[in-house]
Amino acid sequence: MKIHVWRSITPRPHAIEHKLHSPLPNTYTGKNFSAATVTVAYRLFESPLLLTPVLNESPMPPLGTFLKNHHTNCVSSQVAHVATLQAYLSPLRSQSLTHSRFLRAPFRQHTTHLSKSANLDEAVVTLSSLSSPEPYTDALHACISAKSLHHGQKIHSLILNNPKLRRDPKLLTKLITLFSVCRRLDLARKLFHDAKDSAFLTEEVWAAMAIAFSRNGSPREALVAYVEMLCSFVAPPGDFSISVALKACVEVKDLRFGRGVHAQIVKRRRKVDQVVENALLRLYMERGSLEDARKMFDGMSERNIVTWNSLVSVLSKKVRVHEMFNLFRKMQEERIGFSWATLTTILPACSRVAALLTGKEIHAQVVKSSERPDVPLLNSLVDMYGKCGEVVYARRIFDGMLNKDLTSWNIMLNSYAINGDIEEEIKLFDTMIESGVAPDGITFVALLSGCSDTGLTEYGVSLFERMKGEFRVSPALEHYACLVDILGRAGRIQEAVKVIESMPFKPSGSVWGSLLNSCRLHGNVSVGEIAAKELFVLEPHNPGNYVMVSNLYADAKMWDKVDKIREVMKQRGIKKEAGCSWVQVKDKIQIFVAGGGNEFRNSDEYKKVWSELQEAIEKSGYAPDTSVGIHDVDEATKVNWVCGHSERLATSYSLIHTGEGVPIRVTKNLRVCADCHEWMKIVSQVTGRVIVLRDTKRFHHFADGVCSCKDYW
């Protein structure tokens, strides 16, 4: 991983408790747990400050009964290791058998060609005449690196025949690790069980067994092993064992257990290493306890690039862009080195909220670096610009890439699709095929959705057939949903219905949703009701489906059925998602909700701009289209409701707080309504501003009274 030195950049002015049904096995060695073990488990969960084993208490139920309600996430993951023990417990990724560097004299003298796979057999033969544990340790390490279970079992047989070696904890640790990386948890478990009552079971052996459980999808059993280990030692657990336990807590999503482990760290009253601190930080972040994570982060005496990246990553996932970028700036202030992974983590968050200014500052860091950016980072930059409506910038970066993978092409195609530039998208697709790059399913989703948004019906239908025949890509549900949307939006409702009836899959919510939206656009109530009925079964709690049906009835003036839909939503506890829009002005994101923003709407600056704007657009002949309102109310109320839509508030705010000629960029969580679309066109004309609006479906670029969608949306 390349680490880069920050170059200065001047800031621009611009104890949830999960209860699941999976019970925890109450044994992992074939034996019932002792009362002491269970007591430690109870104490560990009951109070973080009571972690010392209590031996003189009455018997308690099995640990499985105690822990059975705690959440399980049996996802196997690699466990990070501290430096000293890493050589013993972590397998090398490489499949190569170049391991002679691990062998020490005199064993190395007899096995000079151990790095070749054909000589592992010879190495095993050589071991049979040796009694020192060191060559066995090195040979087992070579087997772990190569994942050679066959040779490892032979070495195990030799160890069993030697009483001295049989009691060596390092060899036991190596064997458990070997069996676990070879996915033979049964052998590791048996080996550990056979030695369980022996006095030579060290903390490293327990840790190896816990890692074996986690590595093979049993993180809860790893925690059980950790609890039993606490009963076996008077001394507090070491850093390595603690890090193993914390990683298991992350996997089982058990914050309460993790807090108990954290309490052990506090009780030890001595500094832990950075691996433990990073593991604890990750636990709090993964479980959504961001305040604790931030306290942990701020209190760390040392923070490496992994630490910073971890916090940046979780803020990115939570789309807390302002906090994320503040942390990014703090990294600059402290002159922390950064990897490309840091920037690749930040850019997707910029894409999700269309934070173009923030994305550009990240791009500035890439330009200032002396290192050449890798393909994933450049892909993220292309994606960021495309999803912020700057498709020209996206194409410029794409064309400048020396190396492109399939993802690069797909991202650029999708950028054209969501920005409504189908001509350039088709040209790029042709160039992609000429370059010898084979398209995949994602490629055709981008192309078909682009055809749907621009009304390129015939090309879209032929492309669907080419996908199956010429390119041998099997259509998935997403492709059928696009085809239904292409036909339905063109008014070919019956053809869309035939596609649904003949498709080889059970239609999904996206397929029926495409049909329902088409029925709404073309006023086909009968077919729309069929689609709605299916959607209410597949997605009974999706408010968007109810709103779409309500709009269908409202357009048909069927107010009694509109009332019925509202009643159904009320009975089922379903609330319509509030319209929400946001803009980035300088370094802050301002959010507006439909019907809200009273403080802003009552301000003198808003009233002045709104009055001037209304006067100008009324002269152009605009009048609010109240037919978009689904409420059976008086006309004045409808006008007031339409004029309070969130995208209008966001646009007005930008007109006030941005310089003349600066493009206005608005992002909305729902699809823009017809009247707001018309209003945006006129505002762009009377103000001379370019307005870029991104809704859930696509981009609308308004300039001089015209929208890039050509009113087909």
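Treat the numbers as computed from the prediction; the structure is a model and nothing was measured. Along each chain, residue indices are assigned from 1 in the same order as the chain's sequence is written. Selection of residues for local features in this predicted model requires a pLDDT of at least 70, selection of side-chain atom pairs for listing and counting requires 80 or more, and totals for whole chains, interfaces and linings are taken over all residues. Here the side-chain values reflect all heavy atoms present in the structure, with hydrogen atoms and water set aside.

(A) Local environment of the packing of helix H19 (residues 340-353) against helix H20 (residues 356-368). Axis lines are fitted to C-alpha atoms, over the contacting stretch for helices. Their N-to-C directions set the angle, which ranges from 0 to 180 degrees. By the criteria applied, helices consist of DSSP H or I runs no shorter than four residues and strands consist of E runs no shorter than two, each listed in order from the N terminus. The N-to-C vectors of H19 and H20 enclose an angle of 160 degrees; their axes lie 9 Å apart at closest approach. Relative to H20, H19 is oriented roughly antiparallel. When you trace H19 past H20, the crossing you get is left-handed. Residues Trp340, Leu343, Ile346, Leu347 and Cys350 of H19 form the contact with H20, whose own contacting residues are Thr358, Gly359, Ile362, Gln365 and Val366. Looking at the contact of H19 with H20 residue by residue, the classes come out as seven nonpolar, three polar and no charged. Oblique is the label for any angle not covered by the other classes, which are roughly parallel (under 35 degrees), roughly antiparallel (over 145) and roughly perpendicular (65 to 115). Left-handed describes a crossing whose near helix is turned anticlockwise from the far helix through less than a right angle; right-handed describes the clockwise counterpart. The contact definition used throughout considers only heavy atoms, calling two residues in contact when any of these lie within 4.5 Å. Each residue receives one of three labels: charged for Asp, Glu, Lys and Arg, nonpolar for Ala, Val, Leu, Ile, Met, Phe, Trp, Tyr, Cys and Pro, and polar for the others, Gly being one of them.

(B) Structural context of the sheet that holds strand E6 (residues 706-707). Read across the open sheet, the six strands follow the order E2-E1-E3-E4-E5-E6; overall the sheet is mixed. Edge positions in the sheet fall to strand E2 (588-593) and E6, since each of these pairs with one other strand and no more. Paired strands, in this sense, are two strands between which DSSP finds at least two bridges.

(C) Summary view of the packing of helix H9 (residues 169-181) against helix H11 (residues 203-215). With their axes 9 Å apart at the nearest point, H9 and H11 run at an angle of 0 degrees to one another. The pairing of H9 with H11 is recorded here as roughly parallel in orientation. The segment H9 lies against H11, with Pro169, Leu172, Thr173, Ile176, Thr177, Ser180 and Val181 engaging Glu204, Val205, Ala208, Met209, Ala212 and Arg215. Tallied by class, residues from the contact of H9 with H11 come to eight nonpolar, three polar and two charged.

(D) Spatial organisation of the state of the cysteines. Note on terminology: disulfide denotes any pair of cysteine sulfur atoms within 2.5 Å. The tally for this structure, following the rule as stated, stands at zero disulfides. Not part of a disulfide, Cys350 finds its nearest cysteine sulfur in Cys388, a span of 7.1 Å. Cys709 carries a free sulfur, and the closest cysteine sulfur to it, the one in Cys707, is 3.3 Å from it. Partly exposed describes any residue whose relative accessible area lies between the buried limit of under 20% and the exposed limit of over 50%, with all areas from a 1.4 Å probe on protein chains only and scaled to the type maximum. Exposure remark for Cys709: the relative accessible area of 4% places this residue in the buried category.

(E) Structural detail: the packing of aromatic side chains. By convention, a stacked pair of Phe, Tyr or Trp rings (six-membered ring in the case of Trp) has centres within 6.5 Å and planes under 30 degrees apart, an edge-to-face pair has planes over 60 apart, and any other such pair is tilted. If you walk through the whole model with that rule in mind, you get 17 aromatic pairs. Between Phe192 and Trp206, the aromatic rings sit 5.0 Å apart at their centres with planes inclined by 80 degrees, giving edge-to-face as the arrangement. Of the two residues, Phe192 sits in helix H10 (residues 185-194) while Trp206 sits in helix H11, which places them 14 residues apart along the sequence. In this structure Phe192 comes out as buried when scored by relative accessible area, which is 0%. Ring geometry for Phe592 against Tyr653: centres 5.4 Å apart, planes inclined by 55 degrees, an arrangement best described as tilted. In this pair, Phe592 sits in strand E2 while Tyr653 sits in helix H36 (residues 646-657), placing the two residues 61 residues apart along the sequence. Here Phe592 and Tyr653 have matching classes, each one buried. Ring pairing ties together the aromatic residues Phe592, Phe600, Tyr606, Trp610, Tyr653 and Trp679, which thus form one cluster. We call a charge positioned above a ring when the Lys NZ or Arg CZ atom is no farther than 6 Å from the ring centre and deviates by at most 35 degrees from the ring normal. For Arg303, the ring lying beneath its charged end belongs to Phe297, and the centroid distance is 4.4 Å.

(F) Structural view of the environment of Ala123. Locating Ala123 in the fold gives a position in helix H5 (residues 120-127). Taking the C-alpha atoms as reference points, Ala123 and Tyr136, 13 residues apart in sequence, are found 9.7 Å from one another.

(G) Quick peek at the environment of Phe398. As for its placement among the helices and strands, Phe398 is situated in helix H22 (residues 391-400). Taking the C-alpha atoms as reference, Phe398 lies 7.3 Å from Met412; in sequence the two are 14 residues apart. Residue contacts for Phe398: discarding those within four places in its chain leaves Val382, Lys404, Ser408, Trp409, Met412 and Leu428.

(H) The arrangement of helix H31 (residues 543-555) in detail. Spanning 13 residues, H31 covers 18 Å between terminal C-alpha atoms, matching the ideal 18 Å at 1.5 Å per step. With eleven of 13 residues buried, H31 is to be regarded as a mostly interior element. Looking at the buried residues of H31, the elements they touch are helix H29 (509-522), helix H30 (525-538) and helix H32 (559-571). Whenever a nitrogen or oxygen atom comes within 3.5 Å of another N or O atom, the pair is scored as a polar contact, on the condition that within protein one atom can donate a hydrogen and the other can accept it, and that pairs from neighbouring residues in sequence are kept only if both atoms are in side chains. For H31, the side-chain oxygen to backbone nitrogen distance between the N-cap and Gly544 is 3.0 Å, and the N-cap itself is Asn542. Directly beyond the C-terminal end of H31, a positive phi value near 60 degrees is found at Lys557. Take the number of residues in a helix, subtract one, and multiply by 1.5 Å to get its expected span.

(I) Just the pattern of salt bridges, in detail. The working definition used for a salt bridge is a side-chain nitrogen of Lys or Arg within 4 Å of a carboxyl oxygen of Asp or Glu. A complete count under the given rule lists 26 salt bridges for this structure. One salt bridge connects Arg466 with Glu470, and the closest N-O pair in it is separated by 2.9 Å. Exposure remark for Arg466: the relative accessible area of 28% places this residue in the partly exposed category. Taking relative accessible area as the criterion, Glu470 reaches 48% and is therefore assigned partly exposed. With a closest N to O distance of 3.9 Å, Glu615 and Lys619 form a salt bridge. Within this pair, Glu615 and its partner Lys619 are both found in helix H34 (residues 604-619), separated by four residues, close to a single helical turn.

(J) Expanded view of the pairing of strand E5 (residues 699-703). Burial within E5 is extensive, with four of its five residues counted as buried. For strand E4 (residues 691-694) and E5, the ladder comprises four bridges, and the chain directions are antiparallel. Within E5, the position partnered with Ile691 by the bridge is Phe702. Connecting E5 to the next strand, E6, in antiparallel fashion are two residues, including Asp704 with a positive phi near 55 degrees.

(K) Focus on the side chain of His156. Secondary-structure assignment places His156 in helix H7 (residues 149-160). By relative accessible area, which is 16% here, His156 ends up buried. In contact with His156, not counting residues within four places along its chain, are Leu175, Phe179 and Leu191.

(L) Examining the UniProt feature "repeat: PPR" (unreviewed entry) in the protein chain more closely. On the UniProt side, "repeat: PPR" (unreviewed entry) is annotated at positions that read residues 304-338 and 405-439 here. Between the end C-alpha atoms of residues 405-439 the distance is 11 Å, and the span holds 74% helix and 0% strand. UniProt positions are given in the numbering used here, feature names are shortened, and annotations may be inferred rather than shown by experiment.

(M) Summary view of a nonpolar patch on the surface. What makes a patch is a set of residues exposed beyond 30% relative accessible area and free of salt bridges, joined within 9 Å when like-charged and within 5 Å when nonpolar (Val, Leu, Ile, Met, Phe, Trp, Tyr). What sets the accessible areas is the Shrake-Rupley method with a 1.4 Å probe; for residues, cover comes only from the shown protein chains. On the surface, Ile589, Ile591 and Val593 cluster together to form a nonpolar patch covering roughly 240 Å² of accessible area. Its place among the elements puts Ile589 in strand E2. Residue classification places Ile589 among the partly exposed positions, given a relative accessible area of 31%.

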